[in-house]
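Summary of the model geometry
This is what each chain is made of:
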Amino acid sequence: MIIGIPKEIKNNENRVALTPAGVAEFKKHGHRVYVQKSAGENSGFSDKDYAEAGAELLPTIEAVYDIAEMIIKVKEPIASEYPLIKKDQLLFTYFHFASSEPLTYAMMEREAVCLAYETVEKPDRSLPLLVPMSEVAGRMSIQEGAKYLEKPMKGKGILLGGVPGVAPAKVVVLGGGIVGTQAAKMAAGFGAQVTIMDVSLPRLRYLSDVMPANVTTLMSNHYNIREAIAQADLVIGAVLIPGAKAPHLITRNMLKLMAPGTVVVDVAVDQGGCIETCSPTTHENPTFIIDDIVHYCVANMPGAVPYTSTLALTNATLPYALQLANKGWKKACAENEELKKGLNVANGKIVYKGVADAWNLPFEDVETALEDLVYA
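Bear in mind that the values here come from a model prediction, so they are computed numbers and not experimental data. (Residues numbered from 1 in each chain as written. Predicted model: local features only at pLDDT ≥ 70, side-chain atom pairs only at ≥ 80, totals over all residues. Heavy atoms only, no water.)

1. With respect to helix α4 (residues 101-110)
In plain terms, the rule: Residue exposure (1.4 Å probe, protein chains only): buried if accessible area is under 20% of the type maximum, exposed if over 50%, otherwise partly exposed. Under the DSSP-based scheme used, a helix requires at least four consecutive residues in state H or I and a strand at least two consecutive residues in state E, with every element numbered from the N terminus. In this description, contact between two residues means that some pair of their heavy atoms is separated by no more than 4.5 Å. By the criterion applied in these results, polar contacts are pairs of N or O atoms within 3.5 Å in which, for protein atoms, one can donate a hydrogen and the other can accept it, and in which residues neighboring in sequence qualify only through two side-chain atoms.
Among the residues making up α4, those that are buried are L103, T104, A106, M107 and M108. Here the buried face of α4 lies against β5 (90-93), β6 (113-116), β14 (343-346), β15 (349-350) and α12 (353-359). For α4, the N-terminal capping position is held by S100, with its side-chain oxygen 3.3 Å away from the main-chain nitrogen of L103. A positive backbone phi angle near 55° is found at E111, which sits one or two residues after α4.

2. Topic: the sheet that holds strand β3 (residues 56-58)
Convention followed: Any two strands between which DSSP finds at least two bridges are classified as paired. For every element, the axis is a line fit to its C-alpha atoms; helices are fit only across the contacting stretch, and the angle between N-to-C directions ranges from 0 to 180 degrees.
Read from one edge to the other, the open sheet built from 8 strands follows the order β3-β2-β1-β4-β5-β6-β14-β15, with strand pairing classed as mixed. Edge strands, defined here as strands with exactly one partner in the open sheet, are β3 and β15. Relative to β6, β5 is paired through 4 bridges, and the arrangement is parallel. Opposite L90, over in β6, you have V113 as the bridge partner. Contacts from helix α1 (residues 20-28) reach β1 (2-5), β2 (32-36) and β4 (70-72), with the element oriented near 155° to β2.

3. Quick word on the side chain of S141
Position of S141 relative to the elements: it lies in helix α5 (residues 131-148). Engagement of the side chain of S141 in a polar contact is seen with the backbone oxygen of G138, the distance being 2.6 Å. Excluding anything up to four places from it in sequence, S141 contacts A183, I236, V265, V267 and M301.

4. As for the packing of α1 against helix α9 (residues 306-327)
Quick note on the threshold: Roughly parallel refers to an angle under 35 degrees, roughly antiparallel to one over 145, roughly perpendicular to one between 65 and 115, and oblique to any angle outside these ranges. Left-handed is the label given to a crossing in which the near helix is rotated counterclockwise from the far helix by less than a right angle, and right-handed is the label when the rotation is clockwise. Note that Gly is not counted as nonpolar here; it falls among the polar residues with everything else outside the nonpolar set of Ala, Val, Leu, Ile, Met, Phe, Trp, Tyr, Cys and Pro and the charged set of Asp, Glu, Lys and Arg.
Orientation of α1 relative to α9, taken along the N-to-C sense of each, is 30°, at an axis distance of 11 Å. Comparing their axes, α9 and α1 come out roughly parallel. The crossing of α1 and α9 is right-handed. Side by side, α1 and α9 meet where G22, E25 and F26 of the first sit next to L318, A321, L322 and A325 of the second. Of the residues assigned to the contact of α1 with α9, the class counts are 5 nonpolar, 1 polar and 1 charged.

5. Digging into the domain arrangement of the protein
As a reminder of what qualifies: Domain limits in this description derive from either an automatic procedure or a database domain assignment. Buried area: the sum, over both parts, of the accessible surface (1.4 Å probe) that disappears when the two are put together. Here a salt bridge means any side-chain nitrogen of Lys or Arg lying within 4 Å of a carboxyl oxygen belonging to Asp or Glu.
One can read the domain layout of the protein as domain 1 (2-126 + 306-373) and domain 2 (130-296). On a C-alpha basis, the centroid separation for the pair domain 1 and domain 2 is 30 Å. Tallying the contact residues gives 19 residues for domain 1 and 14 residues for domain 2. Summed over both partners, the interface of domain 1 with domain 2 buries about 1,400 Å², with 61% contributed by carbon and sulfur atoms. Between the two partners, domain 1 and domain 2, sit 0 salt bridges. Joining domain 1 to domain 2, the criterion identifies 3 residue pairs in polar contact (both at pLDDT 80 or more). At the level of secondary structure, the elements contributing two or more residues to the side of domain 1 that touches domain 2 comprise α9 and α12. Looking at which element gives the most residues to the side of domain 1 that touches domain 2, the answer is α9, with 4 residues.

6. Quick notes on the nonpolar core
The following threshold applies: We define a nonpolar core as any set of buried Ala, Val, Leu, Ile, Met, Phe, Trp, Tyr and Cys residues linked to one another through side-chain atoms lying within 4.5 Å.
F26, V171 and L324 are the most contacted members of the largest nonpolar core, which has 78 residues in total. Top element by residues in this core is α9. It accounts for 8 residues. When residues of this core are sorted by domain, at least three fall in each of domain 1 (2-126 + 306-373) and domain 2 (130-296). Beyond its immediate chain neighbours, meaning those up to four positions away, F26 contacts I3, L18, H31, V33, M70, I72, L318, A321, L322 and A325.

Structure, rendered in structure tokens:
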């Protein structure tokens, strides 16, 4: 198969979808890999590194899309890329369709095959391609939250861990999944007083067992959320419903419960956000203020630490990408339930229910769609 690796062009997205080591793996299996020049520079990988691994370098993004059968990316295509996408071209990347109606319609119109990292799912319901970036984003949420609590950043002027004789900051984490767990661990490591909330009692039992003494678990419900955020200095939104919009756990009216200078970091913003007032921002302009509450809503947080993020992402995606290349996407998805669940759009149709529901669009069961495509 012919693999294309374009340079990411979303604002301040510094990651690249494949390392030189990944290129070498594809070459070992007999595939051709085309990499856009300078695609890996911001992640610490030079054109020379890719060439020595066996990649062929192309000067433009247009050239990469034109030649490739499978495009591997980090973030969803943006509007300038839509016309470059060909019918039946396989795109393997983060899409988060439920947060972007224009992207959904564009991919249907282009009749691309869209296999989304975020909905590839194991039998235990874990999301193997979301985990590494969730780990990065969860840890970064505390790093960024601590910075924006500083007074020059319009925060309360509170040191996250406090000092002897001065109480530490109070951190509330909404969601006890991968993001929330990593956020709570980082905040606890800073010395903050942490409350982590989830709707699953078994998950809360687990977290209670593994977290340090400065982390308290609390059942997530409307009353408890209101009580917790009223005392919080930093709130982390870490709620995920795979492939679907995140629910709004904090509404606009609830902002008035929080003290001026409180910081909210909505890691779920690329799925619509779990804080109603959040909308996507960039690393260039990461925050905005509503009702004196500092909102940090960068949709590609791991892009700020591209070396770590690129290595972590490639470690997870490469085995799946090799299956797609070795077998072709139809056979790979038919034989691998994990990959099958990654299919969101195929043959101009939505084949993932969470996406169809998000935009009230027709849905075709993925099994039916695959059968139609295989025997077409």
